[in-house]
Amino acid sequence: MGEFKHLVFSGVQPTGNLHLGNYLGAIRKFVALQESHDCIYCVVDLHAITAQLVHDDLPGQIRSITAAFIAAGIDPKQHIVFNQSQVPQHAELAWIFNCVARIGWMNRMTQFKDKAGKDRENASLGLLAYPSLMAADILVYRATHVPVGDDQKQHLELTRDIAMKFNMDFMPKIRAAGLGTDIVVGDEPVHAYFPMVEPMIEGPAPRVMSLKDGTKKMSKSDPSDLSRINLLDDAETISKKIRKAKTDPDALPSEVEGLKGRPEADNLVGIFAALSDRSKADVLKDFGGQQFSVFKPALVDLAVEVLAPVNGEMRRLMGDPGYIDSVLRDGGARAGARAEKTMKEVRDIIGFVQ
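Cut-offs and rules
Residues numbered from 1 in each chain as written. Predicted model: local features only at pLDDT ≥ 70, side-chain atom pairs only at ≥ 80, totals over all residues. Heavy atoms only, no water. Axes fitted to C-alpha atoms, helices over the stretch in contact; angles between N-to-C directions. Helix = DSSP H or I, 4+ residues; strand = E, 2+ residues; numbered from the N terminus. Parallel < 35°, antiparallel > 145°, perpendicular 65-115°, else oblique. Contact = heavy atoms within 4.5 Å. Nonpolar A, V, L, I, M, F, W, Y, C, P; charged D, E, K, R; others polar. Salt bridge = Lys/Arg side-chain N within 4 Å of Asp/Glu carboxyl O. Buried < 20%, exposed > 50% of the residue type's maximum accessible area, 1.4 Å probe, protein only.

### Considering the packing of helix α6 (residues 125-139) against helix α7 (residues 153-169)
Piece 1. Where α6 contacts α7, the two axes come as close as 9 Å, and the packing angle between them is 70°. When the axes of α6 and α7 are compared, the pair comes out roughly perpendicular. Taken together, the residues of α7 that come into contact with α6 (itself represented by Tyr130, Pro131, Ser132, Met134, Ala135, Ile138 and Leu139) are His155, Leu156, Leu158, Thr159, Ile162 and Ala163.
Piece 2. When the residues that make up the contact of α6 with α7 are grouped by side-chain class, the tally is ten nonpolar, three polar and no charged.

Spelled out as structure tokens, the structure:
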């Protein structure tokens, strides 16, 4: 049996302000992974137009995400940081995957149902088909691992379905071209061109919830700015938001089991745990039995300590858009070279004359 070379890919949409959920659930994990993996990190600007075609300042949003990557500690020289639209092979492979994927698969995507709402007939075709583009983003580099939040697991499963169907449909041609790797999927041996991508979901706060409603995910699109901590919030704003965060009247429990049925308490403890690189159980050893009037100031101090350096470096970088653009151009060129190698092989497998 062969093995695909390990490669991490992930992307962040340039829509609205980055917040604590993006940082804890994605960006900080990106930073840690670069110590042990070859990594490609992408600002997925093609995805940004699926639900909203016209943006007031798309270049600024793209640069803001890039600044956050670098400010958090991603090294754009050792790894690759770029924006998706600079590498047209993403869109080319997405079209092929549109022909691999089935309409029924797309109709089952819960995020499409959520974003399209009741007026599904008026949603863009891009919104329906964007899981194909997400699959292409990953597989155009034949990436093996993707750090994702638990809300993206369904899309990663679809990516695996698309990869599997392509591998099975073209297996004789993949073998004839000498481009495949022998793997086992379940009990089935497959001579595969594309890997079966694995999700990487780790840490105590893979899903950070709203500060105003612990049952809803922290979101850029929430109309209340008090529902989230933005990465560009200053210390005073962070303090205000945490102090105003919704809680319940009971003291914090001493055991994790006691957080069940208390979504706001669970969320704040999870945030503290993630910011301090500890478990919820460890946090509750320190704060169990304490009121939120004691816990919240400690959380404010911790959040400011962790986020202030990122905030300051983001502001500095965003004051130098020429540097950010140079990072994206360099990353786009290096990503494009890898993507074109894949596409040349995919075109050969399919039978396109080139």
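### Looking at the pattern of salt bridges
Piece 1. The full count for this structure, using the stated rule, is 21 salt bridges.
Piece 2. For the salt bridge of Asp225 with Arg228, the shortest nitrogen-to-oxygen distance reads 3.6 Å.
Piece 3. A relative accessible area of 35% means that Asp225 is categorised as partly exposed.
Piece 4. We note a salt bridge from Lys246 to Glu264, for which the minimum N-O separation is 3.9 Å. Here Lys246, found in the loop between α9 (235-244) and α10 (263-275), pairs with Glu264, found in helix α10; they are 18 residues apart in sequence, far enough to count as distant.
Piece 5. Glu264 sits in the buried class, given a relative accessible area of 10%.

Take it as geometry only, folks, not as evidence of what the structure does.
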